[in-house]
Amino acid sequence: MPRISFGSWGLAEWGDIDKEADIRLILEAYEKGLTFFDTAPVYGKGYAERMLSHLPKTAHISTKIPAKNKSPNLNEAYSLEWMHSNLYSSLERLERDKLDLVYLHNWSYMWKDYIRLLEYLKIYSARKIVNKWGISLPSEPPKNLGDLQKLLLEEIIGAVQIHYNLLQTQNYEIIKLAIESGKLVFIRSPLLHGLIPDPSDNFDESRLDKDHTKEEIMSLKKRVINETRGLGNVSSAVRFAISKIFIETRADSVIMGIRSKYHLEDAVALNDFLLG
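Below is a short write-up of the structure. All chains use their own residue numbering, which begins from 1 and follows the written sequence. Per-residue local features are limited, in this predicted model, to residues with pLDDT of at least 70; the limit for side-chain atom pairs, both in listing and counting, is 80 or more; totals at the level of whole chains, interfaces and linings are taken over all residues. Remark: hydrogens and water are excluded; side-chain values derive from all non-hydrogen atoms of the structure.

### A few points about the overall build of the protein
So, step 1. Put simply, DSSP H or I for four residues or longer makes a helix, DSSP E for two residues or longer makes a strand, and each gets a number counted from the N terminus. Looking only at helices and strands, the protein features 11 helices and eight strands.
So, step 2. The buried share of the protein, reckoned over its 276 residues, is 51%.
So, step 3. When contacts within the protein are restricted to residue pairs at least 6 apart in sequence, those whose partners lie at least 24 apart make up 75%.
So, step 4. Approximately 13,500 Å² of the protein is accessible, and the part contributed by carbon and sulfur atoms is 50%. The rule is simple: take the accessible area with a 1.4 Å probe, protein chains only, and divide by the maximum for that residue type; under 20% is buried, over 50% is exposed, in between is partly exposed. Contact criterion: two residues are considered in contact whenever any of their non-hydrogen atoms come within 4.5 Å of each other. Residue-level accessible areas treat just the shown protein chains as cover; the underlying method is Shrake-Rupley with a 1.4 Å probe.

Structural data, given as structure tokens:
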């Protein structure tokens, strides 16, 4: 398991698309040891999944099934027809006959009455279409961990993807619970959408979420600079921020959004450092 996973959302979400450059980027990432790739059907409306189809079949890929709607009724959010359609569409775009890891991505923590849903998961596991199932959780933790704790005790759930970074540590208890339950833990948004290592004081405030002010971000940036002994460069900030996540959470892998050779160089160097 590489310590850094390739987050493919950036392939389709930033500026003009260059298919040939994107294919070269993901192949170089694989060759340099980033062998786990995270994607989703909504990334570029399937573009990211289609790009990942160029990887060797030995590369590991995780994708997601979004809830059909925000209904608290899981049988409405994840009907068998909805899951079937999403799974086979992803298989077609990725040009694979099975998927390594599939997350159920839900916008809420309404995980009650999930027994029928687990039966659906078992169907596709038995058909050897999905190797491992996971849950992709919202940014904010639930008020009560009870239902989630019960779900994590289910053997068929093997992985959790969750939001965590130096500023947003509110999901620590969920990460701890997932690890204690024997699940793989993948961290997303480790750099707060790129704001943490961004050296600029005058960044676009539209990149902030509703829970954090510009003053909070700037305070965090100063902390990063101090901790990296004043180097203040992006690579040092990235290494500090992500290393700190591993120290605090003991997660299995951190998903870094990679959309350029510069991002790739940082990710490969950090992966080698963490594995060494």
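Next comes the rest of the description.
### Digging into helix α5 (residues 80-94)
So, step 1. Between its first and last C-alpha, α5 extends 21 Å over 15 residues, near the 21 Å set by a 1.5 Å rise per residue.
So, step 2. Turning to α5, its buried residues number three or more, namely Met-83, Asn-86, Leu-87, Ser-90, Leu-91 and Leu-94. Along the axis of α5, the buried residues cluster in a sector spanning 130 degrees; they form a single face. Seen from the open side of α5, the exposed residues pointing more than 90 degrees away from its buried face are Glu-81 and Glu-92.
So, step 3. Residues of α5 that are buried make contact with α3 (47-52), β3 (60-66), β4 (99-105), α6 (115-126) and β5 (130-136).
So, step 4. Once α5 finishes, Glu-95 follows within two positions and takes phi at roughly 55 degrees, a positive value. Expected span of a helix, by definition, is 1.5 Å for each gap between consecutive residues, and there is one gap fewer than residues. The reported arc concerns the directions from the helix axis to the C-beta atoms and nothing else.

### A word on the sheet that holds strand β2 (residues 36-38)
So, step 1. The strand order around the closed barrel built from eight strands is β1-β2-β3-β4-β5-β6-β7-β8, with neighbouring strands paired in parallel fashion. Along the sheet, successive strands turn relative to each other by an average axial angle of 30 degrees, direction set aside.
So, step 2. Examined bridge by bridge, strand β6 (residues 157-163) and strand β7 (residues 184-188) share five bridges and lie parallel to one another. Among the inter-strand pairings, Gln-161 is bridged to a residue of β7, identified as Phe-186. Strand pairing requires that DSSP identify at least two bridges connecting the strands. In this description, a line fitted to the C-alpha atoms serves as the axis of each element, helices being fitted only across the stretch in contact, and the angle between N-to-C directions of two axes falls anywhere from 0 to 180 degrees.

### So, the side chain of Thr-249
So, step 1. With respect to the secondary-structure elements, Thr-249 resides in helix α10 (residues 234-249).
So, step 2. Under this definition, polar contacts are N or O atom pairs within 3.5 Å; protein pairs additionally need one hydrogen-donor-capable and one acceptor-capable atom, and for neighbouring residues in sequence, both atoms have to be side-chain atoms. For Thr-249, the side chain forms a polar contact with the main-chain oxygen of Ile-245, separated by 2.7 Å.
So, step 3. At 3.2 Å, the side chain of Thr-249 forms a polar contact with the backbone nitrogen of Ala-251.
So, step 4. Sequence-distant contacts of Thr-249, defined by excluding residues within four places in its chain, comprise Tyr-164, Ile-175 and Ile-179.

### Here we look at the environment of Ile-242
So, step 1. Here Ile-242 lies in helix α10.
So, step 2. For Ile-242, a relative accessible area of 0% gives the class buried.
So, step 3. Residues within four places of Ile-242 in sequence aside, it is in contact with Ile-4, Pro-190, Leu-191, Val-254, Met-256 and Leu-270.

### Some points on unusual backbone geometry
So, step 1. For Lys-128, which is not glycine, the phi torsion reads 60 degrees and is therefore positive.
So, step 2. Relative to the helices and strands, Lys-128 is located in the loop between α6 and β5.
So, step 3. The phi dihedral of Ser-189 falls on the positive side, at around 55 degrees, and the residue is not glycine.
So, step 4. Among the structural elements, Ser-189 can be located in the loop between β7 and α9 (214-227).

Note that every value here comes from positions in space, so none of it alone points to a role or purpose.
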